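Residue-level listing of the chains:
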Amino acid sequence: MISFKQLPLEAKAAVAAGVVFFSMMLSRSYLAEQLELRMRRWLLRLQMAVFANALMLIGSLHVWRSTVTTFSRSSAASSFFFMPWKIAVFMFLALAHSSFFTLLFLVAEEPYFFSLAAYTCLGAYIILIFFLFTLGSVEQAYKFLAGRGAKAGTGNKNSRTAMKPVLAVMLTVVLTVVGLLNASRPPTVNSVEVPVHKLPSTMNNLKVVLLSDIHLGPTVGKTKLAMTVRMVKALKPDITVIVGDLTDSEAEIIRPAVEPLGELNSPLGTYFVTGNHEYYTSDVSNWFELLKSFNIRPLHNENVKIVSPKSTDDWFCLAGVDDIEADVLRYSGHGMDLKKALRDCSSEHAIVLLAHQPIAAKWALQERPDINLILSGHTHGGQMFPLNAGAYFLNPFFVGLYKVGQNTFVYVSPGTMYFGIPMRLGSRAEITEIILRSP
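This write-up is about the structure you can find in this document. Being a predicted model, the structure only gives us computed values, none of them experimental.

### A few points about the overall build of the protein
- Helix and strand counts for the protein come out as 14 helices and 12 strands.
- Restricting to contacts in the protein with at least 6 residues of sequence separation, those with at least 24 account for 75%.

### Focus: empty space enclosed by the protein
- A complete count under the given rule lists 2 cavities of 30 Å³ or more for this structure.
- Approximately 40 Å³ is the volume found for the second largest cavity.
- Around the second largest cavity, the lining residues are Val 208, Ile 239, Val 241, Phe 316, Leu 318, Val 352, Leu 375 and Leu 436.
- Only β3 (239-243) and β7 (315-320) provide two or more residues apiece to the lining of the second largest cavity.
- Its residues assigned to classes, the lining of the second largest cavity comprises 8 nonpolar, no polar and no charged.

### Let's talk about the sheet that holds strand β5 (residues 296-298)
- One open sheet holds the 6 strands; their spatial order is β1-β12-β2-β3-β4-β5, and the pairing between them is mixed. With one partner strand each, in any of the chains shown, β1 (188-195) and β5 form the two edges of the open sheet. Each strand axis lies, on average, 25° off the axis of its neighbour in the sheet, ignoring direction.
- Where strand β4 (residues 270-273) lies against β5, 3 bridges are found, and the strand directions are parallel.

### Some thoughts on the state of the cysteines
- Scanning the model with the defined rule gives 1 disulfide in all.
- Each sulfur of the disulfide joining Cys 317 and Cys 345 lies 1.7 Å from the other. Separated by 28 residues along the polypeptide, Cys 317 in strand β7 and Cys 345 in the loop between α12 (338-341) and β8 (351-354) bring together distant segments of the chain. For the residue pair Cys 317 and Cys 345, the accessibility class agrees, reading buried in each case.

### Topic: the pattern of salt bridges
- Here the structure, examined in full by the defined rule, presents 8 salt bridges.
- One salt bridge connects Lys 233 with Glu 263, and the closest N-O pair in it is separated by 3.9 Å. Of the two residues, Lys 233 is situated in helix α7 (residues 222-235) and Glu 263 in the loop between α8 (251-258) and β4; the sequence distance between them amounts to 30 residues.
- For the salt bridge of Arg 368 with Asp 370, the shortest nitrogen-to-oxygen distance reads 2.8 Å.
- Looking at Asp 370, the relative accessible area reads 25%, which means it is partly exposed.
- In the salt-bridge network here, residues are joined through shared partners; they are Glu 109, Lys 222 and Glu 259.

### Quick look at the side chain of His 277
- Locating His 277 in the fold gives a position in helix α9 (residues 276-280).
- Look at His 277 and you get buried, because its relative accessible area is 12%.
- In contact with His 277, other than residues within four places in its own chain, are His 215, Asp 245, Thr 247, Asp 248 and Phe 419.

### Notes on the pairing of β8
- Neither face of β8 is left uncovered, since the one carrying Ile 351 and Leu 353 and the one carrying Val 352 and Leu 354 both have all their residues buried.
- For the crossover that starts at β8, traverses helix α13 (residues 358-367) and ends in the parallel strand β9 (residues 373-376), the hand is right-handed.

### Concerning α8
- All buried positions along α8 are accounted for by Ala 251, Ile 254, Ala 257 and Val 258. An end-on view of α8 places all buried positions within 105° of arc, on one side of the element.
- Buried positions along α8 lie against α7 and α10 (284-293).

### Focus: the packing of aromatic side chains
- Going through the model one piece at a time under the given rule, you end up with 8 aromatic pairs.
- Sitting over the ring of Trp 315, Lys 305 keeps its end group 4.4 Å from the ring centre.

### Some thoughts on the packing of α8 against α10
- Between α8 and α10, the shortest axis-to-axis distance is 11 Å and the interhelical angle comes to 25°. Here α8 lies roughly parallel to α10, going by the angle between them. The handedness of the crossing between α8 and α10 is right-handed. Packed against α8, whose contacting residues are Ala 251, Ile 254, Arg 255 and Val 258, the element α10 presents Asn 286, Trp 287, Leu 290 and Ser 293 at the interface.

### Looking at the side chain of Ser 376
- Of note, Ser 376 is situated in strand β9.
- At 2.6 Å, the side chain of Ser 376 forms a polar contact with the backbone oxygen of Ala 355.
- Among all residues touching Ser 376, those that are not within four sequence positions of it are Leu 210, Val 243, Ala 355, His 356, Gln 357, Pro 358, Ala 361, Tyr 411, Val 412 and Ser 413.

### Some details on the nonpolar core
- Ranked by internal contacts, the top residues of the largest apolar core, which has 38 residues, are Leu 216, Leu 246, Val 258 and Leu 261.
- Sorting the residues of this core by element identifies β2 (206-211), α7, α8, α9, α10 and α11 (325-329) as the ones contributing at least two each.
- Sequence-distant contacts of Val 258, that is, excluding residues within four places in its chain, are made with Leu 216, Leu 225, Trp 287, Leu 290 and Phe 294.
- Formed by 28 residues, the second largest nonpolar core is a distinct cluster that contains Met 203, Leu 210, Val 241 and Leu 318.

### Thoughts on the sheet that holds strand β6 (residues 302-307)
- The sheet built from 6 strands is open, its strands ordered β6-β7-β8-β9-β11-β10 with mixed pairing. Of all the strands in the sheet, the pair left with one neighbour each is β6 and β10 (400-404). Geometrically, the sheet is characterised by an average inter-axis angle of 20° between neighbouring strands, direction not taken into account.
- Note that β9 and strand β11 (residues 408-412) share 4 bridges and pair parallel. What sits directly across from Ser 376, in β11, is Val 412.

### Quick look at unusual backbone geometry
- Of the consecutive residues Phe 385 and Pro 386, the connecting peptide bond is found in the cis state with omega at 10°.
- As for its position among the elements, Pro 386 is in the loop between β9 and α14 (388-394).
- Of note in this structure, Asp 213 is not a glycine but carries a positive phi near 50°.
- Mapped onto the secondary structure, Asp 213 falls in the loop between β2 and α7.
- Accessibility expressed as a relative area gives 0% for Asp 213, which makes it buried.
- Backbone geometry places His 380, a non-glycine residue, at a positive phi of 60°.
- Its place among the elements puts His 380 in the loop between β9 and α14.
- Among the residues examined, His 380 registers a relative accessible area of 7% and is labelled buried.

Quick notes on the rules
- Residues numbered from 1 in each chain as written.
- Predicted model: local features only at pLDDT ≥ 70, side-chain atom pairs only at ≥ 80, totals over all residues.
- Heavy atoms only, no water.
- Helix = DSSP H or I, 4+ residues; strand = E, 2+ residues; numbered from the N terminus.
- Contact = heavy atoms within 4.5 Å.
- 1 Å grid on protein atoms, 1.4 Å probe; cavity = no way out; pocket = protein on both sides within 12 Å on 5 of 7 lines; lining within 4 Å.
- Points joined across faces, edges and corners; volume = space filled by probe spheres on them.
- Nonpolar A, V, L, I, M, F, W, Y, C, P; charged D, E, K, R; others polar.
- Pairing = 2+ DSSP bridges.
- Axes fitted to C-alpha atoms, helices over the stretch in contact; angles between N-to-C directions.
- Disulfide = S-S within 2.5 Å.
- Buried < 20%, exposed > 50% of the residue type's maximum accessible area, 1.4 Å probe, protein only.
- Salt bridge = Lys/Arg side-chain N within 4 Å of Asp/Glu carboxyl O.
- Right-handed = clockwise from strand over helix to strand, strands pointing away.
- Arc of directions from axis to C-beta.
- Phe/Tyr/Trp six-rings, centres within 6.5 Å; stacked < 30°, edge-to-face > 60°.
- Lys NZ or Arg CZ within 6 Å of the ring centre and 35° of its normal.
- Parallel < 35°, antiparallel > 145°, perpendicular 65-115°, else oblique.
- Left-handed = near helix turned anticlockwise from the far one by under 90°.
- Polar contact = N/O pair within 3.5 Å; in protein donor to acceptor, adjacent residues only side chain to side chain.
- Core = buried A, V, L, I, M, F, W, Y, C linked by side-chain atoms within 4.5 Å.

Quick look at the structure:
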């Protein structure tokens, strides 16, 4: 039997990741209600950081071997630039690994430069891994198809081997710069008209501004939020809704960064529902109180009647559900409860539901097909290449407007900012202006 010491480093990292993952499941299942809230918060974040780093170690070893070890066996090793290159690769990998720990130690009103650098390296790391794997797969496929008919000389073989990491690094640098520039731009304003069955004629052209996935934390701070609020106010919405993942930190730590939200002044109200990241903070109650102090109403499995300014007899039901991650985490007093959220919302009036995750939207429609419009977020439109494909296949609704059945629509926001990595590739941050049309 092979002992743990005899396993290659990649296998050891995989075993470590498995152990951490098992401890996470154990904590969620058996220790969640026994640990004090603050301890549970730190344990969950520490476990997630260690788990991510254990998985990343497998990729980091491959990156090192591809970009450093490969050249150490060639004439490039004697070059003056080889040692600085080794140091640069090591620092790049160290920064990428440190990104997850900034959630524990480096969150403030505005992002620290270290956090921005670390998460930028994480984004570049993901792109680099993808290209190294893809180019390696192409190389292996070429060798298989070419067979052994023609054997290249040693020089040509070494040249081809060196070209793979060089090309991967070049593509990574280009896409990283493009992604950073794209994410640094203000979110685009996307205006969408949605026909809402049974919406009173007096509420025709009612304007709802949809925000989601702002992710206040290590790389998004007060300046970006203030810019978003200014853009929202310029649209003069009747209602503003925030469909989750507003934050990645505790309310007390990041309170100064949230202050611009107090400037939202939609005449028919500003509303909020939780996303999965609110539950990762283990601080939802404090966030609810903070938002209420800014006149933002959390819809905690509840609903409100949005009454027409023109007639008190005309109204529709605006409901919100807790994010489904609360059930996974066994977060006390929280969890998606559609029946409670839609209490007194009859099919005689239009129903608009706020639900952070598209899978929750799907479940809601299976239980209550009379819902007319669901507003969601969560997917970020994939945020960046090559993660877009995974987000597309893992969600029943990916991004944009979907018609379900005869009288139901689902709109999924690609997110107002970004999570962690300050990059956007193949997606664009968005503030959505939804114009409700009566039939």
